[in-house]
Amino acid sequence: MLRRRINRLLGGDEGRVHSRTIYVGQKSCPPNEAFIPLKFCDNRIVSSKYTVWNFLPKNLFEQFRRIANFYFLIIFLVQVIVDTPTSPVTSGLPLFFVITVTAIKQGYEDWLRHKADREVNEYPVSVLEDGRRIRKQSEKIRVGDIVEVEEDETFPCDLILLQSSREDGTCFVTTASLDGESNHKTHYTVPDIESDLQYLSATIECEQPQPDLYNEQQSVHVTFWPCSALTGPAANQYLKMFTDFLSFMVLFNFIIPVSMYVTVEMQKFLGSFFITWDKDFFDPEIKEGALVNTSDLNEELGQIEYIFTDKTGTLTQNNMEFIECCIDGFQYRHREDSSELDGVCVTDGPVNKVQQKAGTEREELFLRALCLCHTVQVKESTKNGQDQIDQVDGLGADEEVLHPTHKERGFIASSPDEIALVQGAMRYGFTFLGLESKNMKILNRNKDVETYELLHVLNFDPVRRRMSVMVRSKTGDILLFCKGADSSIFPRVRQEEVERIRMHVERNATDGYRTLCVAYKHLSAEEYANADAGLREAKLALQDREEKLMNVYNKVETDMTLIGATAVEDQLQDEAAQTMEALQVAGMKVWVLTGDKMETAKSTCYACGLFKKNTELLELTLRTLEDGGRRREEKLHDLLLEYHKKAVQDAPPVKLGITRSWSGASHGFGFIIDGASLSMVLSSSSESNSSLYKNLFLQICQNCTAVLCCRMAPLQKAQIVRLVKNSKGSPITLSIGDGANDVSMILEAHVGIGIKGKEGRQAVKNSDYAIPKLKHLKKLLLAHGHLYYVRIAHLVQYFFYKNLCFILPQFLYQFFCGFSQQPLYDAAYLTMYNICFTSMPILAYSLLEQHICIEVLLDNSTLYREIAKNAMLRWKLFLYWTALGLFHGLVFFFGVRFLFSNPALQDNGQVFGNWSYGTIVFTVLVFTVTLKLALVTRHWTWINHFVIWGSLAFYVFFSFFWGGIIWPFLNHQRLYFVFANMLSSVSAWLVIILLILLSLLPEILLVVLRKPRGPHARQMKRRLPSSGTSTIFMLSQTASTHSFSWSD
């Protein structure tokens, strides 16, 4: 890093100019040109955070930036500097343990990063130098080197394609290592390049690398305030008061132990493995299970109020199947029972003609458009032919349609829609054979091969929502074929042709199909020449390249002729309807954010059960805003007020005690909005109106059972999530999606879920959790999320309770020792109480506890509502644990004090001292808080038994061991044989047992006498046997095929 900064300083600032010139092959510039060579940084990849030299100072700085570690450091320094009643070891040892463990963990993780960096940087690469092919490490590649990359190899740096082994000069690239997208993208070689690269003499002028968007500079101003100095007796008095305050702060700092911070972190870290180990999340199709990228949000899974989901690939499978097409207004539907494929003109063929059929010329033109307007590539099958075909979404049952010489081929495409359309054309007799040397070949229904020269591809983008190709036929005709969304195609074709197709498009969208419109245009020689020149100029532009390309695209894609439309079905995910219903019953509101048409998305919402038959839909789209002939702004205002009155003001009041639920008898309202209307709501011309519109829109949506947002851009998805997240009450939000266009809303929500779908892994990489299918979301939230939240709530409250029991006797003791800061417990007990004696039982409890079994949580979604709105950490429960801690602390201290009212407690007549007093109190304390945890444990495993009884046994063993040996490093042996002498007294035994029973008696009576009440009492009784089938990853104790028992 230092070397890179020096290079930037000494080698000239690359950012001074907008572009830079690079000589290919490291060749020098011509003698007649003046050129100052630039110094570029090397090709090393550095993802690590530390080095051997800066690890210790940098890691310590990072750790002590945390407020908890800094607080305990101050306590330790106070103990070192000020004469405090406790040893610095009591706080220094736990802090040292935490810092050391964290440093080891972070050091190990950084070592793994160094190891991964070395693998990348030392990767062997073939480079052409001085006409020879040599092998060098990736990190030694210099800017301007000519690199040879073979098939299935990773690009070692940013490259420009000079040559390809394919005759057509193309290569297929995936960007999975950059943005997670696994779809293949086609790249073309630079034209007019010499075949022998060793004689190539060329320069490249390119733009500078993009600057760091997150580079930020800040300045801190420190002001020193004047103060007056105090001397003499007053200063000593104030100093004594200050030191006494620090001493008492040290004495009582254990109310907030550092071990709680460690235990919570360990609970989150170890608990995340249970999601990964859950076999119910394993998907045999992709042979993967769940993935946890962030372990800090486990408890948030039990507090979700709003779910924002994508449609394609999330609610649906993103597995496209060609259903039907419309040509010149006539419907063509493929028959599944057809045995042969003779083309669309044969009456007894697989085409179901509704009314009549289009002309043969128009039919063939439409099918040629489907075979030519795409970026699909045909890849020959390898030895593992079937695997290859399956991998690239091969032809499967349709293989008999292929020409005999092209049977074992698979398709590669950037979108499954394109494969479905190519396969749809095959059903009607037109087969795409592939692209060779920029020539696209088609096998028509007469078994003749047609060849078209591919001139240009106008790629699809989410703004245009269409893509086009320019091809030249053998007769010399130049054709432009275009396909895209109806909203993008209809304004660019002759309007008299639209009405014939619009009816079919809307009907298909209502049926839930994805629709695309197909158009074409004959280009004259002059039109093509202008378009070709414009495209070449735009592609060579270093500034505003995308904008210039867009201008050329829009100019050439006008005055087209509409041919027809296609309908492709995207089937619902497995158990999508059941999952959505369970989440709604659990009190979560589901919003669907999609870029698809409103009709398609609405039918999907009905199929998923988000909209019911009796759901009244409130629509706020351009169609409703344009009704009435008034200005859109006025219509928007009126509609929002109308919908607010209907859904909010006139809505029946919510019953007392019911939160985030709606009646099952009436499914209420559903709200639909499109991207254009949302833009008007969020960015009104008037600032006051914008705030009003946002509030009305939010209140309407919050009172609807489901919300559908269609025609959404990725940025708009994030805006909606942010709007709800920052609303009144700060509800916990969850976003789930499978594609790169969902990343913005995944990052914006409190919890982001990625689906391991077919649109790459960008969503998975940017998510907090990743699951294979939508149906797994039900168990993730209703089971794992519910239990995680209950466990962490009990952990925090139990820690506060046991430390209140620990500190209260120490506080009361000060009233009987003249406030001398005399500790009640030995330093070893102060140090070990939260680290060893009481830490493992609560950690095991917080990992394994199941107060309700998994099957009940999944079958009874309403149980999720009972923990909503942070119900387990409210004042009522906090006051209960506080009162219990106060009661136990009083019993411990005054119970032992009552024992000490008898001066002679030993057989030899000797009396116990203050360390015996504190040891008895501490013994009762350890046993009581541990047995209290045992009483609240519902789900017993051998781990619980081991840590609970093992902790008590360890305390007894440690007390004998610590007090039975004279330790040379201790100046004062306070507990020498104190524990053994204490247990030799029958009175001490009696008091310990009686005080433990007295402390736990109210809890025991409460458990015995309390009867389950409420509608879930019967389900709560469904406990399971505690032996044999206890699972490591929170699955049910029933002996199901998915359980993982320790006996395995």
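Residues numbered from 1 in each chain as written. Predicted model: local features only at pLDDT ≥ 70, side-chain atom pairs only at ≥ 80, totals over all residues. Heavy atoms only, no water.

## Considerations on the overall build of the protein
Applicable threshold: For helices the rule is a DSSP run of H or I covering at least 4 residues; for strands it is a run of E covering at least 2, with both sets numbered from the N terminus onward. Here, residues are in contact when the closest pair of their heavy atoms is within 4.5 Å.
Along its length, the protein carries 34 helices and 28 strands. Across the protein, contacts joining residues at least 24 apart in sequence account for 72% of those joining residues at least 6 apart.

## A look at the packing of helix 25 (residues 776–813) against helix 30 (residues 914–936)
For clarity, the threshold we go by: Between the N-to-C directions of two axes lies an angle of 0 to 180 degrees, each axis being a line fitted to C-alpha atoms and, for a helix, fitted only over the stretch in contact. Any angle that is under 35 degrees is reported as roughly parallel, and any over 145 degrees as roughly antiparallel; angles of 65 to 115 degrees are reported as roughly perpendicular and all others as oblique. Handedness of a crossing follows from how the near helix is turned relative to the far one, being left-handed for an anticlockwise turn of less than a right angle and right-handed for a clockwise one.
Direction vectors running N to C along helix 25 and helix 30 enclose 160 degrees, while the axes themselves pass 11 Å from each other. As judged from the angle between their axes, helix 25 and helix 30 are roughly antiparallel. Two packed elements cross with a definite hand, and for helix 25 against helix 30 that hand is right-handed. Residues Tyr798, Tyr801, Lys802, Cys805, Phe806, Pro809 and Tyr813 of helix 25 form the contact with helix 30, whose participating residues are Asn914, Val921, Phe922, Leu925, Thr928, Val929, Thr930, Lys932 and Leu933.

## Examining the sheet that holds strand 24 (residues 669–674)
Two orientations exist for strands paired in a sheet by backbone hydrogen bonds: parallel and antiparallel. To keep things clear, this is the line we draw: For two strands to pair, DSSP has to find at least two bridges joining them.
As summarised here, the arrangement of the 9 strands in space is 8-28-27-26-9-22-25-24-23, forming an open sheet in which the pairing is mixed. Each edge of the open sheet carries a strand with a single partner, namely strand 8 (291–292) and strand 23 (616–620). Lying over the sheet, helix 19 (residues 632–649) contacts strand 23 and strand 24, oriented at roughly 160 degrees with respect to strand 23.

## A closer look at the pairing of strand 10 (residues 316–327)
So the rule is basically this: Note on classification: 1.4 Å probe, protein chains only; a residue is buried when its accessible area is under 20% of the maximum for its type, exposed when over 50%, partly exposed between these limits.
Counting buried residues in strand 10 gives 9 out of 12 residues, a clear majority hidden from the surface. Relative to strand 21 (residues 561–572), strand 10 runs antiparallel, the two sharing 8 bridges. In the strand pairing of strand 21, Phe322 is matched with Val568.

## Topic: the pattern of salt bridges
For clarity, the cut-off: By definition here, a salt bridge exists when the distance from a side-chain nitrogen of Lys or Arg to a carboxyl oxygen of Asp or Glu is within 4 Å.
Here the structure, examined in full by the defined rule, presents 34 salt bridges. Close ionic contact of Arg502 with Glu499 constitutes a salt bridge, the shortest N to O distance being 3.5 Å. Taken together, the residues Arg502 and Glu499, both in helix 13 (residues 495–510) and 3 residues apart, mark about one turn of the helix. A network of salt bridges, in which partner residues are shared, links Glu364, Arg368, Arg445 and Glu450.

## A word on the environment of Thr276
For Thr276, the position within the fold is in helix 7 (residues 258–277). By relative accessible area, Thr276 is classed as partly exposed at 36%. Not counting chain neighbours up to four residues away, the residues in contact with Thr276 comprise Ala290 and Val292.

## Quick word on the side chain of Ser138
Along the polypeptide, Ser138 turns up in the loop between strand 3 (132–137) and strand 4 (146–148). With a relative accessible area of 4%, Ser138 lands in the buried category. Those residues in contact with Ser138, other than ones at most four positions away along the chain, are Asn43, Val120, Asn121, Tyr123, Val125 and Pro156.

## Brief notes about a nonpolar patch on the surface
Formally: A residue counts toward a patch only above 30% relative accessible area and without a salt bridge, and it is joined to like-charged neighbours within 9 Å or, for Val, Leu, Ile, Met, Phe, Trp and Tyr, to nonpolar neighbours within 5 Å. For accessible areas, the Shrake-Rupley method is used with a probe of radius 1.4 Å. Any residue's cover is judged against the shown protein chains and nothing else.
A grouping of Ile67, Phe70, Ile74, Leu77, Val80 and Ile81 is seen on the molecular surface, where their side chains present a nonpolar patch of about 590 Å² in accessible area. Examined against the element boundaries, Phe70 turns out to sit in helix 3 (residues 67–81).

## Looking at the nonpolar core
Stated formally: Among the buried residues, those of types Ala, Val, Leu, Ile, Met, Phe, Trp, Tyr and Cys that are joined through side-chain atoms within 4.5 Å form a nonpolar core.
Phe806, Tyr825, Tyr829, Phe837, Phe922 and Leu925 are the most contacted members of the largest nonpolar core, which has 55 residues in total. Of all the secondary-structure elements, those providing two or more residues to this core are helix 25, helix 26 (827–837), helix 27 (839–848), helix 29 (875–899), helix 30, helix 31 (942–963), helix 32 (978–983) and helix 33 (986–1009). One finds Ala576, Leu583, Ile672 and Leu734 within the second-largest nonpolar core, a separate group that totals 52 residues.

## Digging into the environment of Leu787
Counting through the fold element by element, Leu787 comes out in helix 25. Its relative accessible area of 1% is what places Leu787 among the buried residues. For the pair Leu787 and Asn298, spaced 489 residues apart in sequence, the C-alpha separation works out to 9.5 Å.

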